[in-house]
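# Observations on the model geometry
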Amino acid sequence: MTLALLFHETDAELARRQGPDAQEYWGAWSRYIDLLADEGVLVRGAGSGLQEPKTARTVRVQDGRTVVQDGPFADTKEMLGGFVLITV
């Protein structure tokens, strides 16, 4: 069975991608992905970190009209920060 792991992060967590905490932030993610690979469950090349929420748009159809909103999730404080696929 293939599953998608979706990683949601707050604005503060996403801000750690750059600046003084960037090495620690990315190092932790690298160790986690390496662990999944070592366990043989990671689907290589199928995951990705996503761009910052300010670059995202949410598109939906309401009453036959296309509605475009800024951001990946308009009604939550956490954003989708990335994903990986695993096979278990």
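Residues numbered from 1 in each chain as written. Predicted model: local features only at pLDDT ≥ 70, side-chain atom pairs only at ≥ 80, totals over all residues. Heavy atoms only, no water.

### Observations regarding the overall build of the chain
Helix and strand counts for the chain stand at 2 helices and 5 strands. For the chain, the α and β elements follow one another from N to C terminus as β-α-α-β-β-β-β. Relative to the globule expectation of 12 Å for 88 residues, the C-alpha radius of gyration of the chain, 16 Å, shows a markedly less compact shape. Seen along its three principal axes, the alpha-carbon backbone of the chain occupies a region of about 50 × 40 × 20 Å. Every one of the 88 residues in the chain was classed for burial, and the buried ones make up 23%. Put simply, 66% of the contacts in the chain that link residues at least 6 apart link residues at least 24 apart. In the form shown here, the chain has an accessible surface area of approximately 6,400 Å², with 52% of it arising from carbon and sulfur atoms. (Helix = DSSP H or I, 4+ residues; strand = E, 2+ residues; numbered from the N terminus. Rg over C-alpha atoms; globule rule 2.2 N^0.38 Å. Buried < 20%, exposed > 50% of the residue type's maximum accessible area, 1.4 Å probe, protein only. Contact = heavy atoms within 4.5 Å. Areas by Shrake-Rupley, 256 points an atom, 1.4 Å probe, with all protein chains shown as cover.)

### Regarding helix H2 (residues 22-38)
In an α-helix, one full turn covers 3.6 residues, which means residues spaced three or four apart are oriented alike. For H2, built from 17 residues, the straight-helix expectation of 24 Å at 1.5 Å per residue is met to within 8% by its first-to-last C-alpha distance of 24 Å. For H2, the complete set of buried residues consists of Ala22, Tyr25, Gly27 and Leu36. Remark: Gly40 follows H2 within two positions and exhibits a positive phi of approximately 80°. (Expected span 1.5 Å × (residues − 1).)

### What about the pattern of salt bridges?
Inspection of every chain in the model, using the stated rule, returns 3 salt bridges. The closest approach of N and O atoms between Arg16 and Glu24, which form a salt bridge, is 3.7 Å. When its relative accessible area of 28% is taken as the criterion, Arg16 is described as partly exposed. Among the charged side chains, a network of salt bridges with common partners joins Arg16, Asp21 and Glu24. (Salt bridge = Lys/Arg side-chain N within 4 Å of Asp/Glu carboxyl O.)

### Focus on the pairing of strand E3 (residues 57-62)
In this structure, E3 lies alongside strand E4 (residues 65-70), joined through 6 bridges in antiparallel fashion. Paired with Arg60 across the strands is Val67, a residue of E4. Hairpin connection of E3 to E4: 2 residues between the antiparallel strands, including Asp63 at a positive phi of 50°. (Pairing = 2+ DSSP bridges.)

### With respect to a nonpolar patch on the surface
A contiguous nonpolar patch, built from Met1, Leu3 and Val88 and spanning about 320 Å² of accessible area, is present on the exposed surface. Counting through the fold element by element, Met1 comes out in the segment before strand E1 (2-10). The exposure class of Met1 is exposed, given its relative accessible area of 67%. (Patch = residues over 30% accessible without salt bridge, like charges linked within 9 Å, V, L, I, M, F, W, Y side chains within 5 Å.)

### As for the confidence of the model for the chain
Any region with low pLDDT has predicted coordinates that should not be read closely. Confidence in the prediction of the chain, expressed as mean pLDDT, is 83, and 91% of residues score 70 or more. Across the chain, the element-wise mean pLDDT spans from 76 in strand E2 (residues 48-49) up to 93 in H2. (pLDDT = per-residue confidence, 0-100.)

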